[in-house]
Amino acid sequence: MLLRTIQKLFLITTFALVSNANALVINFDDLLNQGYGTVISNGYSGLNWSNFWGYDGASGTGSGYSAGTVSSPNVAFNGYGDPASFSSTAQFNLVSAYFTAAWNPGQITVLGLNSGTQLYSTTFSVVTTSPTLTSFNWSGINEVRFSTNFAQFAIDNLCLDGSCGTGPAAADTQSSMRYQASQLRSAFNTQTVAANFALNYDCNVFDAKGMCISAGGRYTTIDNPGINNSAAVVTLGYKVNPNIRIGAYLDQNINISKPTGIDIGNNTPLMGLYAVWNKEQSGLGYQVRLANTYQDKDVTQTRTVFDTSEAGSGKSSLQSQSYLAELSYAFQYEDKTLVRPYFGLRYSHLKQDGYTEATSTTVTDPLTVAALRDKSATALLGVKVQRSLTDKATLTGQLGLEQDVHHKVGNYAATDLNGSDLTAIAFNSNIKRTRPVASIGAFYDVTKTQRASATINYQQTPFQSTGSATAYFNYMIGF
């Protein structure tokens, strides 16, 4: 008993102390780097070492050695990619450590033994781009063995005994939240731009049955943060009488890019209804247009790791609704130009449901993210123009402004299991309330009941320095 007590005291005096009086962390930073590494000798930090080397992580630029450096400058690694171990004559507790694949991702298997008898075993995956914090919480062992299915791995901040402060630092979690909020704006922008554009879908070529069908495709690109998506669009129209038409549309994403940490599902389409009243059968004079959209997308979010923060991941629903009421007046300018000034009001509501990140071996302190809302009422003002080139070909254009008369955006907020002091992040701290809209296009009447058209549209979003461009092509057939 006396010998064990002396050995334990020796370990405590030789290990680094971090945040807790009983927390013993080996960070390898006091090893002298010699070229391609330094063999860790028996007795370092009171342990016996087998095939572990110390290495200056900064020397491995572009590798997992550099990415896996939790405390500068050094990490340890398993020489030549072979099995490695450390042991002691006294029992200890293995709490946690940070692991990073040096060159290729793979799996590490760790065994905990006491006097040659295996008590614990675990296998986990590691990547080359960031360290993985693995919590063991193994007690009463005196040997730990490591093996891989790939090659070298880097290990840092090896924690024996105590709590070691292994949970993510609040400041690092805050950094990951701030970055995640900036990336999440891409999902909100995608929903907003698609809905705004869809409010103008129409099918207005009719024949004897008073029916119209349109099939087409849409491609949208948005910057800051960058995201793009393509969609198939189907629009139906029905002519109730010479002055009124109604219709519906579906806009189904086919492909959508994935900004860092954001995965937007393609499970349900954007859908909507519209109704148009014209005072004159010719389309001249006053026109009233009513339209709405609805969409519900699954969004999976995975936080980017900042130092000790964790790659927490969770899925929630992002719903959006929008409604448009627009009044316009069309008049003929000279013989070939139709001018239509317009004024409208649009209401939009986006809501992301709250969610809780999943717990795993690498996520020990998951966040519970609160629901997030974005509501706006916007006045629309502008002019639309059509210029006939031939009996069949017509150019189209639009120039307008959007002005928010009301816009309220919530905060990106979360809590963790540890009760850390996490500050809510303003999701849009500087709303751009006045935004330009412009488009140019053309349509070609193949026959009296068939029309091909194409449009390129530009619109800014309420987020500062964020713009979008949409290209849309469709083919209408009247029945």
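Here, the structure is the one placed above.
Residues numbered from 1 in each chain as written. Predicted model: local features only at pLDDT ≥ 70, side-chain atom pairs only at ≥ 80, totals over all residues. Heavy atoms only, no water.

(A) Up close: the overall build of the protein chain. Counting its secondary structure elements, the protein chain contains 3 helices and 29 strands. Based on the C-alpha atoms only, the size of the protein chain along its principal axes is roughly 105 × 40 × 35 Å. Scored against the burial criterion, the 479 residues of the protein chain give a buried share of 48%. Carbon and sulfur atoms make up 56% of the accessible area of the protein chain, which amounts to about 21600 Å² in all. In the protein chain, the 30 positive side-chain charges and the 31 negative ones have mean positions that sit 13 Å from each other. (Helix = DSSP H or I, 4+ residues; strand = E, 2+ residues; numbered from the N terminus. Buried < 20%, exposed > 50% of the residue type's maximum accessible area, 1.4 Å probe, protein only. Areas by Shrake-Rupley, 256 points an atom, 1.4 Å probe, with all protein chains shown as cover. Lys, Arg positive; Asp, Glu negative; His and termini not counted. Charge placed at Lys NZ, Arg CZ, Asp CG, Glu CD.)

(B) Seen up close, the sheet that holds strand β21 (residues 367–369). If you walk across this open sheet you meet the 3 strands as β20-β21-β25, and the pairing is antiparallel. Both edges of this open sheet fall to β20 (355–356) and β25 (414–416), since each of them pairs with a single strand only. Where β20 and β21 come together, 2 bridges link them in antiparallel fashion. By the bridge assignment, Thr356 is partnered in β21 with Thr368. (Pairing = 2+ DSSP bridges.)

(C) Region of interest: a nonpolar patch on the surface. A cluster of nonpolar residues, Met211, Ile213, Val234, Leu236, Tyr238, Val240, Ile246 and Phe479, forms a patch on the protein surface that exposes about 670 Å² of accessible area. Per-element accounting of the nonpolar patch gives the leading share, 4 residues, to strand β13 (residues 227–241). Looking at the secondary structure, you find Ile246 in strand β14 (residues 244–256). Residue Ile246 is classed as partly exposed on the basis of its relative accessible area, which comes to 38%. (Patch = residues over 30% accessible without salt bridge, like charges linked within 9 Å, V, L, I, M, F, W, Y side chains within 5 Å. Salt bridge = Lys/Arg side-chain N within 4 Å of Asp/Glu carboxyl O.)

(D) Fine view of the pairing of strand β27 (residues 434–447). In terms of strand pairing, strand β23 (residues 393–409) meets β27 through 11 bridges, oriented antiparallel. Along β27, the bridge assignment pairs Gly400 with Val437. As paired elements, β27 and strand β28 (residues 450–460) share 10 bridges and run antiparallel to each other. Bridge assignment links Val437 to a residue of β28, and that residue is Gln459. Connecting β27 to the next strand, β28, in antiparallel fashion are 2 residues.

(E) Examining the state of the cysteines more closely. Applying the stated criterion to the full structure yields 1 disulfide. The residue that forms a disulfide with Cys203 is Cys212, at a sulfur-sulfur distance of 1.9 Å. Handedness of the Cys203-Cys212 disulfide follows from its S-S torsion of about -75°: it is left-handed. Per residue, the accessibility class of Cys203 equals that of Cys212, and both read buried. (Disulfide = S-S within 2.5 Å.)

(F) Up close: the side chain of Ser63. Mapped onto the fold, Ser63 is located in the loop between β5 (52–56) and α2 (64–67). Among the polar contacts listed, one links the side chain of Ser63 to the backbone nitrogen of Tyr65, at a separation of 3.2 Å. With near-sequence residues (within four places) excluded, Ser63 lies in contact with Ala102, Trp103 and Thr128. (Polar contact = N/O pair within 3.5 Å; in protein donor to acceptor, adjacent residues only side chain to side chain. Contact = heavy atoms within 4.5 Å.)

(G) Region of the structure containing the pattern of salt bridges. The full count for this structure, using the stated rule, is 12 salt bridges. Ionic pairing is found between Glu143 and Arg145, a salt bridge with its closest N-O pair at 2.9 Å. A relative accessible area of 17% means that Glu143 is categorised as buried. Accessibility expressed as a relative area gives 36% for Arg145, which makes it partly exposed.

(H) Inspection of the packing of aromatic side chains at higher detail. A complete count under the given rule lists 32 aromatic pairs for this structure. A centroid spacing of 5.7 Å and a plane angle of 85° characterise the contact between Phe197 and Tyr201, whose relative ring orientation is edge-to-face. Tyr201 matches Phe197 in its accessibility class, with the two residues each being buried. Ring geometry for Phe197 and Tyr472: centres 5.6 Å apart, planes at 75°, overall edge-to-face. Residue Phe197 is found in helix α3 (residues 170–198), and its partner Tyr472 is found in strand β29 (residues 467–478); the two are separated by 275 residues along the sequence. Under the relative-accessibility criterion, Phe197 is labelled buried at 10%. Over the face of the ring belonging to Tyr342 we find Lys384, whose NZ or CZ atom lies 5.2 Å from the ring centre. Of note, Arg451 hangs over the ring of Phe443, and the distance from its end group to the ring centre comes to 4.1 Å. (Phe/Tyr/Trp six-rings, centres within 6.5 Å; stacked < 30°, edge-to-face > 60°. Lys NZ or Arg CZ within 6 Å of the ring centre and 35° of its normal.)

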